[in-house]
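Commentary on secondary and tertiary structure
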Amino acid sequence: INVVLQNQSTVSNAYVGLGPYRSEFYLMPPQNSFELGAINWTDLLSLHEYRHVQQYSNFNVGLSKVFSVLFGQEGQAFANGASVPDWFFEGDAVFNETALSTQGRGRIPDFFNGYQSLSKQGKKYSYAKLRNGSYRHFVPNHYELGYLLIAYGREKYGSDFWRKVTQDAASFKPLVYPLQGAVKKYSGISYRQFVNDAFAFYNQKWQQAQGVSLDYITPAHKNYREDYKYPYATENGDLIVLKTSYRKIPSIYRVKPNGDETKIGTRDIANDDYFSYNSGKIAFSSFKPDARWGYREYSNITIMDAATGSRQTITSKERLFSPDIAHNGQKIAAVEMKTNQVSMLVVIDPDGNNLFRSLAKRGVVYTHPKFSTTDTSIYTAVRNEDGHMSLLKVDLASGRETNLVPFANRIIGFPTVHGDTIIFSSSYKGSDEVWAFVESKNSLYRLAVNPTGLYQGTLQNGQLITSNFTADGYRLARIAPDALLWQKITEKENALPDLYVPGALKQENNATLTSIPFRDFPVSKYRKSTGLFNFHSWRPNYEQPELSFTLYGQNILNTLQTELYYVYNENEQSSRVGANLIYGGWYLQPFVGLNNTFNRVIRYNADTTLTYNDLTANAGLRLPLNLSGGRQYRFLTLQSSLNTRQIRGTGFRKNLVNDLDFNSLEARINYTGQVQKAVQHIYPHFAQTLSLQYRTIINKYTANQFLANGSLYLPGVHPSHSIVLNAAYQKQDTMRQYTFSNNFPFSRGYNAYTFAETFKVGANYHFPLLYPEIGFANIVYFNRIRANTFYDYTVGKDPRTGRSFPFNTVGGEMYFDTRWWNQQPVTFGIRYSRLLERYNGQPGQNQWEFILPINLFD
């Protein structure tokens, strides 16, 4: 398989996909080690993603193989997705990364917090809800569900259980509910019983876990999740925290001792939500993409004033993460990640000038640096190439590094400094705990334990404030001084043992990574023309009266996308061949389209039909720009093309009708800007869209058209409500030598007229009705039902008569947000329009319509 290494992205991710078949590794190691572990990032990606390679290789069997022959790689992807659920693909890959290493998410306590918290709090959700999620309640994702089922299946039924199950499932044996049928065949029990047994197995283990009693500071909500993370104690007894919920976007808040909350400011867009606080200043890293190149991204440091909420970004086009601001406010420590995967600890001043830079070491990744009380040293969690972690002290004057906690197979992070005591979170035998290192005693202590994790502890008046993961979100909790363990740690046991399924994990060799020999491989320049067209899928289609066959191509570097097609029209008995290409490897993207229809037929009179060939072609340039940054995503696309159309008569038509040919220009500008969006927001609380289009014929004829269309999105009276205001204007010539297609968004319910000048305004109010959270036969699941009331006002003007024609509509829409086959999100709806004006040829005043997504069958 071809693997593309994206070294300029700031996203920590990877994938294997079909159509085209390739893998991409995003080589940015994550700062938060609790989520994915500490082993070398590319090792982890290789263990996980190569399992997907094996899956696609093994699942090209039976009926899935037939689909791959009929439709190419996209055919196999469709068949595999229909027969093997997404939870298996990811759960099996997580099991692979765990079984073949000494870490992996199957040994990371954070990975089990979701289902363990549901178990501890007695929240029993249906299997359908666990598969499809919720707009109200926290539901773990398909990675966690998949691992639990995969690991239990191997523990209970052996190492080859899932191999046999998925071979039958991918072959569609049985044809209906293939995976469920295969599980029943090889386990001897129904699929429902298998799932119930698996959760009973884990619940029994989770119920045994105990921890310290927590006094929660922040509330739990019945109808939405709310997270409070990274607490910092201020000088006056307040707490500075990051607050996120299903109803509100990420923001920094001040929480007073009596529980009152004050918003300081919205957090900028970021890949990592971590922030730090010191002496009235808040520091965090902000995501900033390159304006043109999609996989080139930056992470800059922003400083926010905790009193006023004002902010300043002090770096530009850097790759800096997890900043901490010194007590005197004159220095900022951060982790710099180079594009060659080298990690360095840096210190800069408020103007972005470099004050300190650590020496680069092979495989070392610094995380979450914190200044000492005197600002002369930095404490940081660090991981090495073997995946072991330590708490490190770095002296800024000499650069000398001291290991305060020996390197070991553990996860460490989120330190806070209190005099000579460093509080931090540490994984230990199934839970993430709060530990402390007292430098004056050179001793390590366990402070507090909870089965579902305690993250970022801070001391306030002797009591410990920390963030605890619950089924209602991360909640702030306090632990009294006399409840802290202060248990001295001297033993060197493995902090990340096999959890819950030791028998299954021992079926594989967890020393795989250590047994790989070092080898040298030849390196050569990759020719960008290699496999330029790379046709990977083909799609026959029939929509009466047209039968079509389309061939799709995309090269491995995703710089050229190609589409070749043939269409046969039964009514005309005509054939059309065409091609579309767009190249993305240059700053301006050139695109070309060409299609020719042979022997089109029109009826000239009752006794005569005429035939002709119709050629259309276009060539142009496109410039997509990503202007995102700060608190808004912003996208601007500029596009211009030269188009030609040639109609040439064949047979008798040559003598009866003149040929037609002309050239036209088309220019488009599209802009979208929006703030971040919370889970329950139907639309962002502030967003703007604008589309401008101009078309004109440049030879032989006179014709032109201008269209402007825009929308403004605003919040409603409730956090989950949305107001959408839109306006549109279109003007075209009155020569009638040629008429361009009409894309004007006419008032809903009416048949669209074409006027020389048309204007429209509209208003919409969207709001949820209910959250059914119910499914039927694993086919369709209803997450949310929502409504929209609307008013449309359109005016069409005829300049030759001076008349204006109003088209007024009021009405309502009901939308159903669903998931099909437990995976595919689909929104459909029904619309009622009351037409307030009547015109000849228009429908009746009461109009009903179905609303289907335009990509439903794509």
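See the structure above.
Fair warning: this is a prediction, and the values are worked out from it, not measured in the lab.

**What about empty space enclosed by the protein?**
- Under the criterion given, the structure shown has five cavities of 30 Å³ or more.
- For the largest cavity, the calculated volume is near 100 Å³.
- Lining of the largest cavity is provided by N32, F34, E35, D110, K229, Y230, F414, Y455, Q456, S467 and Y474.
- Broken down by secondary-structure element, the contributors of at least two residues to the lining of the largest cavity are α1 (33-36), β5 (226-233) and β25 (454-460).
- For the lining of the largest cavity, the class distribution of residues is five nonpolar, three polar and three charged.
- What the second largest cavity holds in volume is close to 50 Å³.
- Along its surface, the second largest cavity is lined by K123, Y125, R136, H137, F138, H221, K222, N223, Y224, R225, A471 and D472.

**As for the sheet that holds strand β10 (residues 281-289)**
- Reading across the sheet, the four strands line up as β9-β10-β11-β12 and stay open at both edges, with antiparallel pairing between neighbours. Among the strands making up the open sheet, the edge pair consists of β9 (275-278) and β12 (311-313). Direction aside, the axes of adjacent strands within the sheet are offset by 30° on average.

**Brief notes about the nonpolar core**
- Formed by 49 residues in total, the largest nonpolar core has its most connected members in W87, Y147 and W162.
- Core analysis: the next-biggest nonpolar cluster, separate from the first, contains 41 residues, I240, I411, I412 and F414 among them.

**Some details on the pattern of salt bridges**
- Tallied over the entire structure, the rule returns 45 salt bridges.
- Across the pair E24 and R22 runs a salt bridge whose closest N-O atoms are separated by 3.3 Å. The residues E24 and R22 share a single accessibility class, namely buried.
- Among the salt bridges present, the one from D614 reaches R645, with a minimum N-O distance of 2.8 Å. Of this pair, D614 sits in strand β34 (residues 609-626) while R645 sits in strand β35 (residues 632-650), and the two are 31 residues apart along the sequence.
- You can call D614 buried: its relative accessible area is 4%.
- With a relative accessible area of 24%, R645 lands in the partly exposed category.
- Each of R748, K760, D792, E813, R831 and E849 takes part in a single network of salt bridges with overlapping partners.

**As for the pairing of β9**
- Of the two faces of β9, the one carrying F275 and Y277 and the one carrying S276 and N278 are both buried.
- As paired strands, β9 and β10 are joined by four bridges and run antiparallel to one another. Of the residues in β10, the one forming a bridge with F275 is F284.
- Counting the residues in the hairpin turn of β9 and β10 gives two residues, including S279, whose phi is positive at 50°.

**Concerning the side chain of E226**
- Considering the arrangement of structural elements, one finds E226 in strand β5.
- In this structure the side chain of E226 is engaged in a polar contact, spanning 3.4 Å, whose partner is the side chain of Y228.
- Polar contacts involving the side chain of E226 include one to the side chain of K243, which spans 3.3 Å.
- When sequence neighbours within four positions are dropped, the list of residues in contact with E226 reads H221, K243, T244, S245, D472, G473 and Y474.

Calculation criteria
- Residues numbered from 1 in each chain as written.
- Predicted model: local features only at pLDDT ≥ 70, side-chain atom pairs only at ≥ 80, totals over all residues.
- Heavy atoms only, no water.
- 1 Å grid on protein atoms, 1.4 Å probe; cavity = no way out; pocket = protein on both sides within 12 Å on 5 of 7 lines; lining within 4 Å.
- Points joined across faces, edges and corners; volume = space filled by probe spheres on them.
- Helix = DSSP H or I, 4+ residues; strand = E, 2+ residues; numbered from the N terminus.
- Nonpolar A, V, L, I, M, F, W, Y, C, P; charged D, E, K, R; others polar.
- Pairing = 2+ DSSP bridges.
- Axes fitted to C-alpha atoms, helices over the stretch in contact; angles between N-to-C directions.
- Core = buried A, V, L, I, M, F, W, Y, C linked by side-chain atoms within 4.5 Å.
- Buried < 20%, exposed > 50% of the residue type's maximum accessible area, 1.4 Å probe, protein only.
- Salt bridge = Lys/Arg side-chain N within 4 Å of Asp/Glu carboxyl O.
- Polar contact = N/O pair within 3.5 Å; in protein donor to acceptor, adjacent residues only side chain to side chain.
- Contact = heavy atoms within 4.5 Å.

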